[in-house]
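Fold and contact review
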Amino acid sequence: MNVNIHPSWKEHLAEEFNKPYFKPLTDFVRHEYTNHTCYPRGSQIFSAFDHCPFDELKVVIIGQDPYHGPGQANGLCFSVNDGIPHPPSLINIFKEIETDMQVAYPKSGNLERWANQGVLLLNATLTVRAHMAGSHQNKGWEIFTDAVIKSVSDQKENIVFLLWGGYAKKKGRIIDSKKHLVLTSGHPSPLSANRGFWFGNRHFTMCNEFLKKKGFDAILW
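Residues numbered from 1 in each chain as written. Predicted model: local features only at pLDDT ≥ 70, side-chain atom pairs only at ≥ 80, totals over all residues. Heavy atoms only, no water.

**Regarding the nonpolar core**
In terms of nonpolar packing, the biggest core is built from 62 residues, with Phe49, Ile61, Trp114, Phe144 and Trp221 touching the most fellow members. Every residue in contact with Trp114, bar those within four places of it in the chain, is listed here: Ile61, Ile93, Phe94, Ile97, Val119, Leu121, Phe204, Leu220 and Trp221. (Core = buried A, V, L, I, M, F, W, Y, C linked by side-chain atoms within 4.5 Å. Buried < 20%, exposed > 50% of the residue type's maximum accessible area, 1.4 Å probe, protein only. Contact = heavy atoms within 4.5 Å.)

**Focus: the side chain of Thr127**
Its location among the elements puts Thr127 in the loop between β3 (119-123) and β4 (128-129). Taking relative accessible area as the criterion, Thr127 reaches 0% and is therefore assigned buried. A distance of 2.7 Å separates a polar atom in the side chain of Thr127 from a polar atom in the side chain of His136. Here the side chain of Thr127 touches Trp141 through a polar contact of 2.8 Å, side chain to side chain. What Thr127 contacts, discounting residues up to four positions off in sequence, is Val29, Tyr33, Tyr39, Pro40, Ile45, Pro66, His136 and Trp141. (Helix = DSSP H or I, 4+ residues; strand = E, 2+ residues; numbered from the N terminus. Polar contact = N/O pair within 3.5 Å; in protein donor to acceptor, adjacent residues only side chain to side chain.)

**Here we look at the environment of Thr205**
With respect to the helices and strands, Thr205 occurs in helix α9 (residues 203-213). According to the relative accessible area criterion, Thr205 is buried, its value standing at 10%. Dropping the residues within four chain positions of it, Thr205 is found in contact with Asp100 and Met101. Among the polar contacts made by the side chain of Thr205, one reaches the side chain of Asp100 at a distance of 2.5 Å.

**Here's the deal with the sheet that holds strand β2 (residues 59-63)**
Taken in spatial order, the four strands of this open sheet run β3-β2-β5-β6, and their pairing is parallel. In the strand order of this sheet, the two ends are held by β3 and β6 (181-185), each with one partner. Each adjacent strand pair in this sheet contributes to an overall mean axis angle of 20°, direction not counted. As judged from the three bridges shared by β2 and strand β5 (residues 160-164), these two strands associate in the parallel manner. Along β5, the bridge assignment pairs Val60 with Phe161. Packed onto the sheet, helix α6 (residues 141-155) meets β2, β3 and β5 and runs at close to 155° relative to β3. (Pairing = 2+ DSSP bridges. Axes fitted to C-alpha atoms, helices over the stretch in contact; angles between N-to-C directions.)

**Comments concerning empty space enclosed by the protein**
Counted according to the given criterion, the structure contains one cavity of 30 Å³ or more. By volume, the largest cavity is sized at about 30 Å³. Every residue lining the largest cavity is listed: Pro40, Ile45, Pro66, Gly75, Leu76, Leu121, Asn123 and Leu126. Residue composition of the lining of the largest cavity, grouped by class: six nonpolar, two polar and no charged. (1 Å grid on protein atoms, 1.4 Å probe; cavity = no way out; pocket = protein on both sides within 12 Å on 5 of 7 lines; lining within 4 Å. Points joined across faces, edges and corners; volume = space filled by probe spheres on them. Nonpolar A, V, L, I, M, F, W, Y, C, P; charged D, E, K, R; others polar.)

**Structural notes on the pairing of β3**
Burial analysis of β3 places five of its five residues in the buried class, which makes it a mostly covered element. Of the two faces of β3, the one carrying Val119, Leu121 and Asn123 and the one carrying Leu120 and Leu122 are both buried.

**Focus: the pairing of β5**
Among the five residues that make up β5, five are buried, leaving the element largely enclosed by the rest of the structure. Residues Val160, Leu162 and Trp164 line one face of β5 and the alternating positions Phe161 and Leu163 line the opposite face, and both faces are buried.

**Quick word on the state of the cysteines**
One pass over the full model with this rule turns up zero disulfides. Between Cys77, a free cysteine, and Cys52, which holds the nearest cysteine sulfur, the sulfur-to-sulfur gap is 11 Å. With no disulfide of its own, Cys207 has Cys52 as its nearest cysteine by sulfur position, at a separation of 12 Å. (Disulfide = S-S within 2.5 Å.)

**Comments concerning the packing of aromatic side chains**
This model, assessed by the stated rule, comprises 19 aromatic pairs. When the centroid spacing of 6.4 Å and the interplanar angle of 55° are considered together, the rings of Trp114 and Phe204 count as tilted. Here Trp114, found in helix α5 (residues 112-115), pairs with Phe204, found in helix α9; they are 90 residues apart in sequence, far enough to count as distant. A connected cluster of aromatic rings, assembled from ring pairs, spans Trp9, Phe17, Tyr21, Phe22, Phe46, Phe49, Phe54, Trp141 and Phe144. If you follow Lys156 out to its NZ or CZ, it ends over the ring of Phe54, 4.8 Å from the centre. (Phe/Tyr/Trp six-rings, centres within 6.5 Å; stacked < 30°, edge-to-face > 60°. Lys NZ or Arg CZ within 6 Å of the ring centre and 35° of its normal.)

**Let's talk about the pattern of salt bridges**
Counted by the stated rule, this structure contains eight salt bridges. Lys19 is paired through a salt bridge with Glu16; the nearest N and O atoms lie 2.7 Å apart. According to the relative accessible area criterion, Glu16 is buried, its value standing at 8%. The residue Arg129 makes a salt bridge to Glu32 at a minimum N-O spacing of 2.9 Å. With Arg129 in strand β4 and Glu32 in helix α2 (residues 22-35), this residue pair connects regions lying 97 residues apart in the sequence. Arg129 sits in the partly exposed class, given a relative accessible area of 22%. (Salt bridge = Lys/Arg side-chain N within 4 Å of Asp/Glu carboxyl O.)

Dropping the structure here:
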């Protein structure tokens, strides 16, 4: 696995690449991609960082692991490639934006447009084997992405963290809520959303209000 990560992140994460867990993780990922179909493409494993440089970061959204169906994952959590049907969680995200922000439901599920505005769309696990959800969990990715979250929390101020669902909420323990805005709600998956834990959270409006108050441009969701 070639760690081809945006230069702005390298100085903050360089130590991680030399820690004992990282070589076995690299070996595992390389073996998986050589012997199985895995997602996203190798060149997109670090897309979340490539599209959102450290210095331009304003918002962090945390997912669990990539989509495991053909053509879906592009290295950004909840995002799918252009022309791919929107998965249920993404549909519910767009529905909430529609009512919260009074904007039209978008055609494209590719969230690069968010990432390019300073939204880090970070999956806790950056790779997955095709058709096997969670297959690359507990191999070291979570150690790396926890370090990413801690680095952002420690070295920046006034970041908006959107923690959706139980898994993401657990990451709150490594975020300094005195320096940042941490918004939590149920997960946008149908199971959670249809039980009333997602719709109406107004996270997108609250996020933009906070950013504007701190002198940043709002996100065009």
